[in-house]
Amino acid sequence: MATEAQRQNVVVQTAVPEVRVTMTRPPFNPVPAQRKHLPNAGTARANRAPTTSTPEGTPEWAAEHAHQTVLQQHCAFFDADGDGIIWPLDTFRAFRALGFGLFLSALSMLIIHLNFSYPTCPSILPDPFFRLFVENIHKAKHGSDTGTYDNEGRFVPQKFEDFFNKYSNGKDGLTKTDLWEALKGQRVIMDPIGWGGAAFEWTATYLLLWPEDGVLKREDVRRVYDGSIFHEIAMKRARTRKTKAA
């Protein structure tokens, strides 16, 4: 009978040589040390976003937002007054604070609220103001994404690690070429809203972080998922504007 140590060290076959895609897109297959560092990676976390490199997530942020799911935390920056309702103007102002120009901020506002308002509405009738209701933001989850948010808005470490393991080619992040391959690789059939949503979100993320070396760092992306990086970027942008104005 296998001992616990033997079970912990079992090798899981994740690829079949005859099926090339299983070789070129390896999932996250943790070694025993990683499993100890990040146990139960496949279990969704309600209000923390841990990874192998950051097993505690963002502690202070998570403690402050312990009453929210990780997806709701992602939206917190856009809900400036914390009333659980995000107006189109809230989204426009948030994008402006993050450094986006007038056109991209207005375009982002339209894309987000035209597509995601109705799924989050508390009633069967659409909201005439195209507001987003944070309580129901999990209903706005679309297909062809990474799967890192589950259908209830929790964070699934395994899916986050899978995504980077499949498409980063051993780097600590993703280039534009990697992202293009990832968008193609994650697409599911008959899902134009999901395809467009994923393309919009990754484009916005790349423009937001704009890495000098062209590589989106996995830790920065993790902090986009839990929303903890937005306030930090907005403060940096504000300081830059003040410096230029001085």
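Below is a summary of the structure that appears in this document.

Reading guide: rules and limits
- Residues numbered from 1 in each chain as written.
- Predicted model: local features only at pLDDT ≥ 70, side-chain atom pairs only at ≥ 80, totals over all residues.
- Heavy atoms only, no water.
- Core = buried A, V, L, I, M, F, W, Y, C linked by side-chain atoms within 4.5 Å.
- Buried < 20%, exposed > 50% of the residue type's maximum accessible area, 1.4 Å probe, protein only.
- Helix = DSSP H or I, 4+ residues; strand = E, 2+ residues; numbered from the N terminus.
- Contact = heavy atoms within 4.5 Å.
- Patch = residues over 30% accessible without salt bridge, like charges linked within 9 Å, V, L, I, M, F, W, Y side chains within 5 Å.
- Areas by Shrake-Rupley, 256 points an atom, 1.4 Å probe, with all protein chains shown as cover.
- Salt bridge = Lys/Arg side-chain N within 4 Å of Asp/Glu carboxyl O.
- Polar contact = N/O pair within 3.5 Å; in protein donor to acceptor, adjacent residues only side chain to side chain.
- 1 Å grid on protein atoms, 1.4 Å probe; cavity = no way out; pocket = protein on both sides within 12 Å on 5 of 7 lines; lining within 4 Å.
- Points joined across faces, edges and corners; volume = space filled by probe spheres on them.

Overview of the nonpolar core
Stage number 1. Core analysis: the biggest nonpolar cluster contains 41 residues, and Phe78, Leu98, Trp202 and Phe230 have the highest contact counts within it.
Stage number 2. For this core, the elements supplying multiple residues, two or more each, are helix H5 (70–75), helix H6 (88–97), helix H7 (102–120), helix H8 (157–167), helix H9 (176–186), helix H10 (192–209), helix H11 (218–226) and helix H12 (228–245).
Stage number 3. Per-element tally for this core: the top contributor is H10, with six residues.
Stage number 4. Not counting chain neighbours up to four residues away, the residues in contact with Leu98 comprise Phe77, Phe78, Leu208, Phe230, Ile233, Ala234 and Arg237.

Looking at a nonpolar patch on the surface
Stage number 1. On the surface, a cluster of nonpolar side chains totalling about 520 Å² of accessible area is made up of Phe103, Leu104, Leu107, Leu207 and Trp210.
Stage number 2. By residue number, the principal contributor to the nonpolar patch is H7, which donates three residues.
Stage number 3. If you trace the backbone, Trp210 turns up in the loop between H10 and strand S4 (216–217).
Stage number 4. Taking relative accessible area as the criterion, Trp210 reaches 54% and is therefore assigned exposed.

Thoughts on the side chain of Ser117
Stage number 1. With respect to the helices and strands, Ser117 occurs in helix H7.
Stage number 2. Looking at Ser117, its side chain comes within polar contact range of the main-chain oxygen of Arg131, at 2.7 Å.

Things to note about the environment of Gly153
Stage number 1. By secondary structure assignment, the location of Gly153 is in the loop between strand S2 (132–133) and H8.
Stage number 2. Owing to a relative accessible area of 0%, Gly153 belongs among the buried residues under this scheme.
Stage number 3. As a C-alpha pair, Gly153 and Ile229 span 76 residues in sequence and 18 Å in three-dimensional space.
Stage number 4. Residue contacts for Gly153: discarding those within four places in its chain leaves Thr69, Val70, Leu71 and His138.

Quick look at the layout of surface pockets
Stage number 1. Size it by volume and the largest pocket reaches roughly 200 Å³.
Stage number 2. In this structure, the largest pocket is lined by Leu208, Leu209, Pro211, Val215, Leu216, Lys217, Asp220, Ile229, Glu232, Ile233, Lys236 and Arg237.
Stage number 3. Of all elements in the fold, only H10, S4 and H12 reach the threshold of two or more residues within the lining of the largest pocket.
Stage number 4. When residues of the lining of the largest pocket are assigned to their parent elements, the largest contribution, five residues, is made by H12.

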